[in-house]
Amino acid sequence: MKRTFDELNNTSSTNKYISNEESPSVETSQSQLTSSTAAIASLKTTISSLPRVPQISRKVRACSACKKQKIRCDFDPDLSATGEAAKCVRCRKMKLECVVNRSLQTILDEDVEWKTKMSEELAQLQRAVEDILRAKQMHPLSTYNSPIQSAASSCSPGLTAATLYSGNSPPNSATQHHNGDVQACRPEDEGCGAKASRPPFYDHAASLYNASLSTNPMGSLYEVTRLRSLRSNSTTNVHSHVHDNDDDLISKGLVSLEEAEELFELFQSTLNHYLFDVALVHDSLSSVRNSSPLLLASILTVSSLHRPATVASSTAIAICYQHFLSLVSSSMFESPGALDNVRALSIAAFWLPDLSWKLSGHAVRIATELNVHQSFRKALMTTPVGSKLPEAERMMRDKERKFHYERARLWYLLYVCDHHFSIAYGRPPVICYLQHEAIRNEGYERYLESDLCKEGDFRVVSQMALFVVLERIYECFAGEISEGGMVREEAGKVEEFSRELEEWRDNWCVRLRKNACVGDYPAKGVLLHYHFAKLQLHSLALRGVTGSATNETSSADIISGFSPKRAAMARVAIESAKHVLTTILTVEEIRVCLIGVPLYVHTMIAFAAVFLMKVTSRWRKVASIGDLVNPTDDVWSLVEKVIEVLKDVAGG
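Residues numbered from 1 in each chain as written. Predicted model: local features only at pLDDT ≥ 70, side-chain atom pairs only at ≥ 80, totals over all residues. Heavy atoms only, no water.

1. Focus: the packing of aromatic side chains
Taken as a whole, this structure holds nine aromatic pairs when the rule is applied. Aromatic pair tyrosine 405 and tyrosine 447: ring centres 4.5 Å apart, planes at 5 degrees, arrangement stacked. With tyrosine 405 in helix H17 (residues 391-425) and tyrosine 447 in helix H18 (residues 441-448), the pair connects residues that are 42 residues apart, well separated along the chain. Exposure class is identical for tyrosine 405 and tyrosine 447. Each is buried. Summarising the aromatic geometry, the rings of phenylalanine 607 and phenylalanine 611 are spaced 6.3 Å apart at their centres and angled 40 degrees between planes, so their arrangement reads as tilted. Here phenylalanine 611 and phenylalanine 607 lie together in helix H26 (residues 599-619), a separation of four residues that amounts to about one turn. Classification of phenylalanine 607 by relative accessible area gives partly exposed; the value is 30%. (Phe/Tyr/Trp six-rings, centres within 6.5 Å; stacked < 30°, edge-to-face > 60°. Helix = DSSP H or I, 4+ residues; strand = E, 2+ residues; numbered from the N terminus. Buried < 20%, exposed > 50% of the residue type's maximum accessible area, 1.4 Å probe, protein only.)

Below you can see the structure in the form of structure tokens.
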């Protein structure tokens, strides 16, 4: 029977009324999902962008056999829907196969129900994880990068493994990936549930299709071959590395808990201040143990070196040192792990003379694998004033900025550590200032202007600024000084670098403030490091002199033949060495800190003393420089006094 226009119109109005009646429930569901935090933002975006579900008035309830005969299909409500009881009354009596085909409405209802259930479960899991992280005093959940997100964020929009398997075209813009969000896929959906029945190469092809474009050739090799050995684990979150406390010194019974607490307190209250108050980010021994056994071993080893020398302290040094070596050896062939492993290596490098060069290089390599050097720009990104971001989004951005600022701070510390021993061993540094914006002048000045900057940042940046000049000096003269000595053109470069060192001294003497724990050592230390640098630079005038001496021409004769500029450089070197030793004797703030300062300071003190003794013993009769080391008794007396001071402050 044909329906009239009025009846069609009434039906349309009824459907419209039904649709309008149900829309508040959808909005209520959406408002509940909005309360979830950033971890399920991708799923919320997908659900909210779905088109309005069409309403179908009839639902298929009859089985195929009854529908074919056009007879009533009844199910017994008293029986459970399993086995034979799942059949309708007629099919059970006639022993027929009972199949109820799902209608479109049933499929849509199940889809919405599944997505809603998944959203609730994800929100529940996120709250549970946040409670765990808070109880463990770990970083908030928002700082964890998702490996799936990083892989999907760079692939073509809308292309997923499901579309690749099934050959379907990409979905419309409402269901595409957006800013790295990933679509949810039910196990029974087409393209997901049939995954087990497909050949393995389909899965591999899908992973290659969805993976981001490799930024290095080895990445492509690993991607194609799926080799796991020596794989760069850059996508793994640095905080997701779980450490076993059974592997630390305390759990193994090598060091008692009381002794470990004492050594940790020594490092926290004293030694950490000489690393600019930026090396240690934990406030308790338990926090260190939960973070990294390597960091614990490093702190206890270094602290045991700074206790008064006793039989017990010597035993503790040997035990901690051997365990630390074992953990470092294992770390060479493991995944990068947490940032605290980098801190552990750098802390040990600052004080362990036999391992300093190796540890600093290993720390830089691990930090580079963790992409620490790429955090500088993210650390300086701020929310524009007047922006109308939601409070949750603003808080998440602030947490991310703090996270990257801490990583940039660690990179600065690594630069200083690397150059401490580059200079000490006369080798090229691993980190080059030209390759990193953060290390150049305009970079670290922006870093110091941040609201996250603290007093220790000024101290570490002052050291970094000095080593940038010394790195340029090394690049300029490392391969240009012949066995015969310095050529005339290089003397002009020395004068230019000398002016830069003076500018550095004048700048940072004013900018570094008094520290609550180490007093005026930061500002007084600027003068000490200035004399170190001047000695390093101007001692180039005497390089190669001894090797150029022959039977006919002695080294003293060569120095006597120096040009006025080169002779002036040699005099500045001698005066700088004397200033270093005099500063140790006369400046109280420097002398009382000698027990805790890193190895580099003691290395440069030894260099100044040996330099003076060699000049005095070999060239005290050379007219151009001899007056600076005569009478010789004054030089010997100066060196002996410094030796006595170092003995008095010796801790072990």
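Having seen the structure, we can now continue with the description.
2. Points about a nonpolar patch on the surface
Among the surface-exposed residues, Val610, Met613 and Trp636 lie close enough to one another that they form a single nonpolar patch of about 220 Å² accessible area. By the element assignment, methionine 613 lies in helix H26. By relative accessible area, which is 30% here, methionine 613 ends up partly exposed. (Patch = residues over 30% accessible without salt bridge, like charges linked within 9 Å, V, L, I, M, F, W, Y side chains within 5 Å. Areas by Shrake-Rupley, 256 points an atom, 1.4 Å probe, with all protein chains shown as cover. Salt bridge = Lys/Arg side-chain N within 4 Å of Asp/Glu carboxyl O.)

3. Here's the deal with the packing of H26 against helix H27 (residues 632-648)
Where H26 contacts H27, the two axes come as close as 10 Å, and the packing angle between them is 160 degrees. Classified by the interaxial angle, the pair formed by H26 and H27 is roughly antiparallel. The handedness of the crossing between H26 and H27 is left-handed. Contacts from His602, Ile605, Ala609, Leu612, Met613 and Thr616 in H26 reach Thr632, Val635, Trp636, Leu638, Val639, Val642 and Leu646 in H27. Looking at the contact of H26 with H27 residue by residue, the classes come out as 10 nonpolar, three polar and no charged. (Axes fitted to C-alpha atoms, helices over the stretch in contact; angles between N-to-C directions. Parallel < 35°, antiparallel > 145°, perpendicular 65-115°, else oblique. Left-handed = near helix turned anticlockwise from the far one by under 90°. Contact = heavy atoms within 4.5 Å. Nonpolar A, V, L, I, M, F, W, Y, C, P; charged D, E, K, R; others polar.)

4. As for the confidence of the model for the chain
Of all residues in the chain, 70% have pLDDT values of 70 or greater, and the mean over the chain is 77. Note on residues 1-5: pLDDT under 50 across the span, and two contacts to partners over four residues away in sequence or across chains. The low-confidence segment residues 11-36 (pLDDT under 50) makes 11 contacts with residues lying over four places distant or belonging to another chain. (pLDDT = per-residue confidence, 0-100.)

5. Some words on unusual backbone geometry
In this chain, asparagine 630 is followed by proline 631 through a cis amide linkage whose omega measures -5 degrees. Residue position: proline 631 is located in the loop between H26 and H27. Of note, phenylalanine 276 is a non-glycine position whose phi angle comes to about 65 degrees, a positive value. By the secondary structure assignment, phenylalanine 276 is in the loop between helix H10 (257-274) and helix H11 (285-291). One non-glycine residue, aspartate 277, lies in positive phi territory at about 60 degrees. Structurally, the position occupied by aspartate 277 is in the loop between H10 and H11.

6. Regarding the nonpolar core
If you look at soluble globular proteins, the nonpolar side chains tend to sit buried side by side. One finds Tyr412 and Leu581 to be the most contacted residues of the largest nonpolar core, which totals 137 residues. Once residues lying within four places of it in the same chain are set aside, the contact partners of tyrosine 412 are Phe376, Ala438, Ile439, Gly443, Tyr444, Tyr447, Val460, Val461 and Met464. Membership of the second largest hydrophobic core comes to six residues, among which are Cys66, Cys88, Cys91 and Cys98. (Core = buried A, V, L, I, M, F, W, Y, C linked by side-chain atoms within 4.5 Å.)

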